[in-house]
Amino acid sequence: MPMPAMQVALAGSVEIISAIGLTLGLFTRPVALLGSVYLLMSMLLGGHFKIGYVWALPDGGYEFGVFWAAMVAVFAVLGGGPNSTDRQLSRSEPARRLLPSFVWKVLAS
């Protein structure tokens, strides 16, 4: 892969952002979409689709990663839920005054 150090930094950043966003329920839908696409792209670039279906193979298959990509994509469709930070911010009047309008569009979706 070209520029391996940059790839590792990008991968680590996406994983940290996705983990924090999904754990706190902050920007749940965009973060879930980012995480799901990242999982699929990393399996594609890593050659897991060429190896086969069984993830327990020595080089690893693709079904475990596809399972997690689908599970994360559920959050992109359903959102964070009633106790997420997104929902709490949408109900907070001070946050409505401080955050820009495009942030409200993302939180309301």
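What you see is a predicted model; the values in this text were computed from it and never measured.

Looking now at the overall build of the chain. The helix and strand inventory of the chain stands at seven helices and zero strands. Each helix (α) and strand (β) of the chain, taken in turn from the N terminus, gives the series α-α-α-α-α-α-α. On C-alpha atoms alone, the chain measures out to a radius of gyration of 17 Å, which is more than a quarter above the 13 Å that the 2.2 N^0.38 rule sets for 109 residues. With the principal axes as the frame, the chain shows a C-alpha extent of 55 × 30 × 15 Å. Expressed as a percentage of its 109 residues, the buried residues of the chain come to 25%. Pairs at least 24 residues apart make up 44% of the contacts formed inside the chain by residues separated by at least 6 positions. Here the chain displays about 7,500 Å² of accessible surface, and carbon together with sulfur accounts for 72% of that area. Measuring between centres, the 7 positive side-chain charges of the chain sit 17 Å from its 5 negative side-chain charges.

Moving on to unusual backbone geometry. Positive phi, normally seen in glycine, also occurs at F27, with a value near 50°. Structurally, the position occupied by F27 is in the loop between α1 (4-24) and α2 (28-46). Relative accessible area serves as the criterion here: at 31%, F27 is assigned to the partly exposed category.

This structure, assessed with the given rule, holds two aromatic pairs. With 6.4 Å between their ring centres and 80° between their planes, F64 and W68 make a pair best called edge-to-face. Of this pair, F64 and W68 are both found in helix α4 (residues 63-78), four residues apart, which corresponds to roughly one turn of the helix. Using a relative accessible area of 40% as the deciding quantity, one classes W68 as partly exposed. The interplanar angle of 75° and the centroid separation of 5.3 Å between the aromatic rings of F67 and W68 together place this pair among those described as edge-to-face. Here F67 falls in the partly exposed class, since its relative accessible area comes to 43%. Taken together, the aromatic side chains of F64, F67 and W68 make up a single cluster linked through ring pairs.

Quick look at the environment of F75 now. As for its position among the elements, F75 is in helix α4. Residues F75 and L40, spaced 35 residues apart in sequence, show a C-alpha to C-alpha distance of 16 Å. Other than its neighbours up to four places away in sequence, F75 contacts L22, T28, R29 and A32.

Scoring rules and cut-offs
Residues numbered from 1 in each chain as written. Predicted model: local features only at pLDDT ≥ 70, side-chain atom pairs only at ≥ 80, totals over all residues. Heavy atoms only, no water. Helix = DSSP H or I, 4+ residues; strand = E, 2+ residues; numbered from the N terminus. Rg over C-alpha atoms; globule rule 2.2 N^0.38 Å. Buried < 20%, exposed > 50% of the residue type's maximum accessible area, 1.4 Å probe, protein only. Contact = heavy atoms within 4.5 Å. Areas by Shrake-Rupley, 256 points an atom, 1.4 Å probe, with all protein chains shown as cover. Lys, Arg positive; Asp, Glu negative; His and termini not counted. Charge placed at Lys NZ, Arg CZ, Asp CG, Glu CD. Phe/Tyr/Trp six-rings, centres within 6.5 Å; stacked < 30°, edge-to-face > 60°.

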